[in-house]
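For reference, the chains in residue letters:
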Amino acid sequence: MSSPATTHTNAPVDASSTRTASPASTPASPPPRKLIIDTDPGVDDAFAIALALETMSTEVEVLGLTTVFGNVRRDDATRNARTLVEMCALAGSWRREAGARLPVVDGARAPLAALDEDDRSGAGASTADDSAVLVADFVHGEDGFGGVRGAYETRPEESAVEHRAGREAADFIAEMCAKYPGEVTVLALAPLTNIALTFRRHPECSETMGELVVLGGAFEVNGNVNPAAEANILGDPEAADEVFGAFERTFVVGLDVTTRVRLSGAEIERLETVLRDADAVSPPRRCSNLLRAFLHDATQFYKAYHLRVADFDGIYVHDPTALLLALPHVRDAVFTFRRGAVRVALARDCARGAVFLDARRAWLFRNAWSDRPRVSVAMDVDVDAALRELRARLGV
Ligand SMILES: [Ca+2]
């Protein structure tokens, strides 16, 4: 087995670490991590994508975005991903060279179980009917962007997007992992259908993929769809269970951690302030004013949902928190992990989508967790350090 870059995962948070003192990357930073973002944008996905494309050029090189159903239907996820990339290109901060285009690759329209059913009937994954897919329009608005997509959508003469219709997300992920063995981090911000299909169709990815960061699950807290389940896992429990069984270099962050990382209503309002370069807190690079204005506007609907349901003025920043796990120097300084095999409840009962981490491992008898890879689950976070990273990049 090749040994792609792995970092230790059980580093306790050291509050005195110099790495937590500033969000800056050091001059001796390693070359940028190659990143594929698997996404269902989604307001908080939009934050993560904007931060990755606009503020992390020395830390990550985004190879492409792959889309999947989740917060919205797959076609809306693709449209939203394209909208974001065009905006980032317009703001001038993403395109490294004139004419460069970023792949946006279509993924699954429906969960594995529905795709498998279609395969049995010969319809194939790409034609899966998504009319039965439940989307979170009550959280993210009907368009996924709080109703403001139309105001920010552009049709530039020279698109910054290479839309790869007809080729699927799983194949793109495998192709990039083969091209850069051990160097690619896949950041999965949505139901895990595309990732499960990647390991099913391209089992060599368990060798060639560098790392997988998963946003999902609620390990010691309630879910956010119901007491048992978190939305990304419940979106496709079969896929999640396959993925957690497929790949050891997996880092998972769920509601235990992400609900503790919050931007306040006042910080959201500050996104609207036009900042000059002179206002920049440097480093790191700050998000462009165009994206900050978009994020401000898109977040209003999302913020109202939090006030109504979670009873606070502000938002959870789930997806951007997961993005921080893709940066090894931040991950080791900011998060505390527990390692063990993870399984997902698959029965169609009240516990469907619940996740269970075997941190103990010493059982008298074999069980469904035996022989599964031990993944790293974030159980604690230095909230101030995580927010310092995000606030500086967002300019709030
Ligand atoms: Ca998402």
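Report on the accompanying structure. Quick caveat, the model's predicted, so the values are computed rather than measured. (Residues numbered from 1 in each chain as written. Predicted model: local features only at pLDDT ≥ 70, side-chain atom pairs only at ≥ 80, totals over all residues.)

Observations concerning helix H10 (residues 237-244)
In terms of residue burial, H10 counts as a mostly covered element, since seven of its eight residues are buried. Taken together, the buried positions of H10 are occupied by Pro237, Ala239, Ala240, Asp241, Glu242, Val243 and Phe244. Tucked into the core, H10 has its buried residues touching helix H3 (112-121), helix H7 (193-201), helix H9 (231-235), strand E7 (250-253), strand E10 (335-344) and strand E12 (375-381). (Buried ≥ 20, exposed ≤ 12 C-beta atoms within 10 Å, placed from the backbone. Helix = DSSP H or I, 4+ residues; strand = E, 2+ residues; numbered from the N terminus. Contact = placed C-beta atoms within 7 Å.)

Here's the deal with the sheet that holds E10
Remark on secondary structure: sheet strands pair via backbone hydrogen bonds, oriented parallel or antiparallel. Across the sheet, which stays open at both edges, the ten strands sit in the order E4-E3-E2-E1-E5-E6-E7-E12-E10-E11 with mixed pairing between neighbours. Unpaired on one side and paired on the other, strand E4 (161-164) and strand E11 (355-358) mark the two borders of the sheet. Each strand of the sheet is rotated relative to its neighbour by a mean of 30°, with strand direction disregarded. In terms of strand pairing, strand E2 (residues 60-67) meets strand E3 (residues 102-105) through two bridges, oriented parallel. Across the sheet, the residue bridging to Thr66 is Val105, located in E3. (Pairing = 2+ DSSP bridges. Axes fitted to C-alpha atoms, helices over the stretch in contact; angles between N-to-C directions.)

A few points about the packing of helix H1 (residues 43-55) against helix H14 (residues 318-325)
In the contact formed by H1 and H14, the axes pass within 6 Å of each other and the chain directions differ by 35°. Packed against H1, whose contacting residues are Asp44, Asp45, Phe47, Ala48, Leu51 and Ala52, the element H14 presents His318, Asp319, Pro320, Ala322 and Leu323 at the interface. Grouping the constituent residues of the contact of H1 with H14 by class yields seven nonpolar, one polar and three charged. (Nonpolar A, V, L, I, M, F, W, Y, C, P; charged D, E, K, R; others polar.)

Details of the environment of Asp171
On the secondary structure map, Asp171 appears in helix H6 (residues 169-179). Judged by the 17 C-beta atoms lying within 10 Å of it, Asp171 is partly exposed. The spatial distance from the C-alpha of Asp171 to the C-alpha of Val105 is 9.5 Å, given a sequence separation of 66 residues.

Regarding unusual backbone geometry
Residue Pro41 is joined to Gly42 through a cis peptide bond whose omega torsion reads -15°. By the secondary structure assignment, Gly42 is in the loop between strand E1 (33-39) and H1. Even without a glycine there, the phi angle at Asp311 is positive, about 65°. Tracing the sequence through the fold places Asp311 in the loop between helix H13 (289-309) and strand E9 (314-316). On the basis of neighbour counts, which here come to 7 C-beta atoms within 10 Å, the residue Asp311 falls in the exposed class.

Quick notes on the pairing of E11
Covered by surrounding structure in E11 are Val355 and Leu357 only, the residues Phe356 and Asp358 on the alternate face being uncovered. One ladder, built from four bridges, connects E10 with E11; its direction is antiparallel. Counted as the bridge partner of Val342 is Leu357 from E11.

Topic: the nonpolar core
By size, the foremost hydrophobic cluster in this structure holds 122 residues, and its most contacted members are Ala50, Ala52, Leu187, Ala188 and Val243. Looking at this core, the element that brings in the most residues is H1, giving nine residues. Not counting residues up to four positions away in its chain, the partners in contact with Leu187 are Leu35, Ile37, Asp38, Val213, Ala322, Leu323 and Ala326. (Core = buried A, V, L, I, M, F, W, Y, C linked by C-beta atoms within 7 Å.)

Quick look at helix H16 (residues 383-394)
Across its twelve residues, H16 extends 16 Å between first and last C-alpha, which sits within 8% of the 16 Å expected from 1.5 Å per residue. Listing the buried residues of H16 in full gives Ala385, Ala386, Leu387, Glu389, Leu390, Ala392, Arg393 and Leu394. Contacts from the buried residues of H16 go to H1, H13, H14, helix H15 (328-334) and E12. Of the residues trailing H16, Gly395 is marked for its positive phi of about 70°. (Expected span 1.5 Å × (residues − 1).)

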